[in-house]
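Architecture at a glance
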Amino acid sequence: MKIKVGLGYDIHRLEEGRRLFLGGVEIDFAKGLRGHSDGDCLIHAIIDALLGAAGKEDIGQHFPDSDPQYKDMRSTELLERVMDLMREGKTEVLNVDSIVIAEKPKLGPYIPQMKETLGPILGVDQDDFGIKAKTNEGMGAIGEGDAIAAWAQVLVREKQ
Ligand code: MG
């Protein structure tokens, strides 16, 4: 049995006229995240953390943005596919911690719903799943409301 960590990061631009999805939850806001899929940078960071822990290539290699089949796909669907890969590798997730950095909107009220949405897909209980929301204190592209970023770290157990 092997215990491994994985680290993931993602950032997407905010733009008018798109729906905002974060942590698998639709959030009421005037802008959404630009992306080939739904732009959910929290899920993308979690996916990269999982793939990293499993020693696999990153999200861009698994789901290339040049491939029309992933256009506007919900990131929850991408996460489900990555979890299938993890199960094929006899890898289970022990816990997940994450941070979303967004100046606006206020994400705190949505965190319970994000955990309820992603926890069952990841196979982790609420106690083994952290999502924290921070601002960038008004600095840089995130602080000016032009982008939202996310970090995620996972701990997995590989049964041999
Ligand atoms: Mg992304």
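Up top is the structure these notes are about.
Residues numbered from 1 in each chain as written. Predicted model: local features only at pLDDT ≥ 70, side-chain atom pairs only at ≥ 80, totals over all residues. Heavy atoms only, no water.

Brief notes about the layout of surface pockets
Rolled over the atoms, a probe as big as a water molecule pinpoints where empty space is left. For clarity, the cut-off: A 1.4 Å probe that fits but cannot get out identifies a cavity on a 1 Å grid over protein atoms alone, an open set with protein on both sides within 12 Å along at least five of seven lines counts as a pocket, and a residue lines either if it has an atom within 4 Å of a point. Grid points are joined across faces, edges and corners, and a volume is the space filled by probe spheres set on the points. By the criteria applied, helices consist of DSSP H or I runs no shorter than four residues and strands consist of E runs no shorter than two, each listed in order from the N terminus.
Taken as a whole, the largest pocket spans an internal volume of roughly 300 Å³. For the largest pocket, the lining is made up of 15 residues, of which His12, His44, Ile59, Phe63 and Asp65 are closest to its centre. When residues of the lining of the largest pocket are traced back to their parent elements, those giving at least two are β1 (2-16), α1 (41-53) and α2 (59-62). Residue contributions to the lining of the largest pocket peak at 3 residues, all from β1.

So, the nonpolar core
Let me state the cut-off plainly: The criterion is simple. A nonpolar core is a set of buried Ala, Val, Leu, Ile, Met, Phe, Trp, Tyr and Cys residues joined through side-chain atoms within 4.5 Å. Buried, partly exposed and exposed residues are distinguished by accessible area as a fraction of the type maximum, computed with a 1.4 Å probe on protein chains only: under 20%, between the cut-offs, and over 50%, respectively. Contacts were defined at the residue level, with two residues in contact if any of their heavy atoms lie within 4.5 Å.
Grouped together as the largest cluster of nonpolar side chains are 44 residues, with contacts concentrated most on Leu22, Ile46, Leu50, Leu79, Leu122 and Ile148. Elements represented by at least two residues in this core include exactly β2 (20-22), β3 (25-27), α1, α3 (75-88), β5 (91-101), α4 (111-122), β6 (129-134) and β7 (147-158). When sequence neighbours within four positions are dropped, the list of residues in contact with leucine 122 reads Ile46, Leu50, Leu79, Met83, Val93, Val96 and Phe129.

Here we look at the packing of aromatic side chains
This is how the line gets drawn: Any pair of Phe, Tyr and Trp rings, taking the six-membered ring for Trp, is counted once the centres come within 6.5 Å. Such a pair is stacked with planes under 30 degrees apart, edge-to-face with planes over 60 apart, and tilted for the rest.
Under the definition given, this model contains 2 aromatic pairs. On the basis of an interplanar angle of 45 degrees and a centroid distance of 4.5 Å, the ring pair of tyrosine 9 and tryptophan 151 is categorised as tilted. Of this pair, tyrosine 9 sits in strand β1 while tryptophan 151 sits in strand β7, and the two are 142 residues apart along the sequence. Judged by relative accessible area, tryptophan 151 falls into the partly exposed class, the value being 38%. Judged by centre distance (5.2 Å) and plane angle (80 degrees), the ring pair of phenylalanine 63 and tyrosine 70 falls under edge-to-face. According to the relative accessible area criterion, phenylalanine 63 is buried, its value standing at 10%.

Description of the coordination of the magnesium ion
Rules: Distances up to 2.8 Å from the metal define which N, O and S atoms are donors, and 3.2 Å serves for Na, K and Ca; water is absent from the atom set, so sites may look incomplete.
Around the magnesium ion, the protein supplies Asp10 (OD), His12 (NE2) and His44 (ND1) as donor atoms, at distances of 2.1 to 2.3 Å. Each donor residue of the magnesium ion belongs to the same chain, with the gaps between them written as D-x1-H-x31-H. Placement of aspartate 10 in strand β1 and of histidine 44 in helix α1 is noted, with a sequence separation of 34 residues between them. Residue classification places aspartate 10 among the buried positions, given a relative accessible area of 17%. With a relative accessible area of 6%, histidine 44 lands in the buried category.

Some thoughts on the sheet that holds β7
For clarity, the cut-off: Strand pairing follows a simple DSSP-based rule, namely that at least 2 bridges must link the two strands. In this description, a line fitted to the C-alpha atoms serves as the axis of each element, helices being fitted only across the stretch in contact, and the angle between N-to-C directions of two axes falls anywhere from 0 to 180 degrees.
Spatially, 5 strands are ordered β4-β1-β7-β5-β6 in an open sheet, and the strand pairing comes out mixed. Across the chains shown, the open sheet's two edge strands, defined by having one partner strand only, are β4 (31-33) and β6. Neighbour to neighbour, the strand axes of the sheet diverge by 20 degrees on average, direction disregarded. Pairing of β5 with β6, which is carried by 6 bridges, proceeds in the parallel orientation. Counterpart to aspartate 97 in the pairing with β6 is glycine 130. In this fold α1 packs onto β1, β4, β5, β6 and β7, with an angle of close to 155 degrees to the strand it touches most, β1.

Details of unusual backbone geometry
Excluding glycine, residues mostly carry a negative phi; peptide bonds, for their part, are mostly trans. Cis geometry marks the peptide bond from lysine 104 to proline 105, where omega comes out at -5 degrees. Inspection of the secondary structure puts proline 105 in the loop between β5 and α4. Here the phi dihedral of aspartate 72 falls at roughly 60 degrees; this positive angle occurs in a residue that is not glycine. With respect to the helices, strands and loops of the structure, aspartate 72 is situated in the loop between α2 and α3. Residue aspartate 72 is classed as partly exposed on the basis of its relative accessible area, which comes to 47%.

Purely spatial values, then, with no claim about function.
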